[in-house]
Amino acid sequence: MKQATVYDIGEIRNNHHDQQVKMWRASVPAGIRPLVPHQHIRFELMLVNAGSGIYTTTHGDYPIYPGDMFVFSSNEFHCITDVGSVGLDITNLHFEPMFLRKYGNDSVSFTDIRFCFSHSQSFSNRIPAEKNSQLALLMQAIRRELSDRDHEYTIAVKSLLHLMIISLLREHGYADCETEAKHEQVQNIQHVLSYIDKHLNEKIALRDLSDLAGLTPNYFCTLFKQICGFTPFDYINSRRIDKACSMLLHDGVKLNIISIANECGFNNTANFNKLFKKVMGLTPSEYRSNGNSLIS
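All values derive from a computational prediction rather than experimental measurement.

### Thoughts on helix α6 (residues 217-228)
Then, number 1: For α6, built from twelve residues, the straight-helix expectation of 16 Å at 1.5 Å per residue is met to within 8% by its first-to-last C-alpha distance of 16 Å.
Then, number 2: Taken together, the buried positions of α6 are occupied by P217, F220, L223, F224, I227 and C228. The arc that holds every buried residue of α6, seen down its axis, measures 125 degrees, which confines them to one face.
Then, number 3: The positive-phi residue at the C-terminal boundary of α6 is G229, with phi of around 80 degrees.

Structure, rendered in structure tokens:
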């Protein structure tokens, strides 16, 4: 299989140098592509600039046409399995759910966490060109901000992402806006998510997380799953795999697999390899060699 050609557009990193937002453009050659369903914590939007194909997802196969936009919440399996005769040109945008969390007490901020982790059952991952003009304009605006990196561009990108969320909620029925979780409960879970991100390479105990949230372990697990759509340890493992992916494709010094496993909080390579294959559809070594072919 010929690999896609990837052109980086821009990114945003936090104070710990962890990638929060990334946008790139990819040119995908024509042909049938193997089904390698993968998933990630990052929220994803993909705009089809030109070409056609088929997107295989958790919910079935979608046709790909110019101008289409595809939207995937965290942990949704997806893979482009067929590319038409003229190839495929796409722009991809990934962002971490936690990138949006510090935005005040407005209702959008209140739903940010749940928004990124799940969507309504009626929502289609594919939004056809004739219905996504507002989203496409916002995508182009984010591209300009990430490319130009003008003053306060990170704030501009965050604001544009919130406008995309509003558009998805208002115009596309992306999510059920009502939630049983109280604002204070959501804030407690947000604190837990921040703690997890800062301690990924350490042993993380359920009791420590529940104490941080001020809840019993059983109720904490129930609330975490309700808000995030993951069990606490499924979330931790997914975050660790995301970090490992970034380290495997780093352009600098290539660390060995054992070092990456340890840095990402895995105490042995067997567990790391097994979980990585389950989430990404490839072993760590295969991902290092073929990661750029997983263009979305």
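### Some words on unusual backbone geometry
For residues besides glycine, phi is generally negative; the peptide bonds are generally trans as well.
Then, number 1: Its identity is not glycine, yet R149 carries a phi of approximately 50 degrees, on the positive side.
Then, number 2: As for its placement among the helices and strands, R149 is situated in the loop between α2 (133-148) and α3 (153-172).
Then, number 3: With relative accessibility at 47%, the residue R149 sits in the partly exposed group.
Then, number 4: The phi angle at E152 is positive, at roughly 60 degrees, despite the residue not being glycine.
Then, number 5: Mapped onto the elements of the fold, E152 is located in the loop between α2 and α3.

### A word on the pairing of strand β6 (residues 69-72)
Then, number 1: Burial along β6 is two-sided: M69 and V71 facing one way and F70 and F72 facing the other are all buried.
Then, number 2: Here four bridges tie strand β4 (residues 43-57) to β6, and the two strands are oriented antiparallel to one another. Counterpart to L45 in the pairing with β6 is V71.
Then, number 3: When β6 meets strand β8 (residues 126-127), the two strands line up antiparallel, connected through two bridges. Residue pairing for β8: F70 is matched across the bridge by R126.

How each quantity is defined
Residues numbered from 1 in each chain as written. Predicted model: local features only at pLDDT ≥ 70, side-chain atom pairs only at ≥ 80, totals over all residues. Heavy atoms only, no water. Helix = DSSP H or I, 4+ residues; strand = E, 2+ residues; numbered from the N terminus. Expected span 1.5 Å × (residues − 1). Buried < 20%, exposed > 50% of the residue type's maximum accessible area, 1.4 Å probe, protein only. Arc of directions from axis to C-beta. Pairing = 2+ DSSP bridges.

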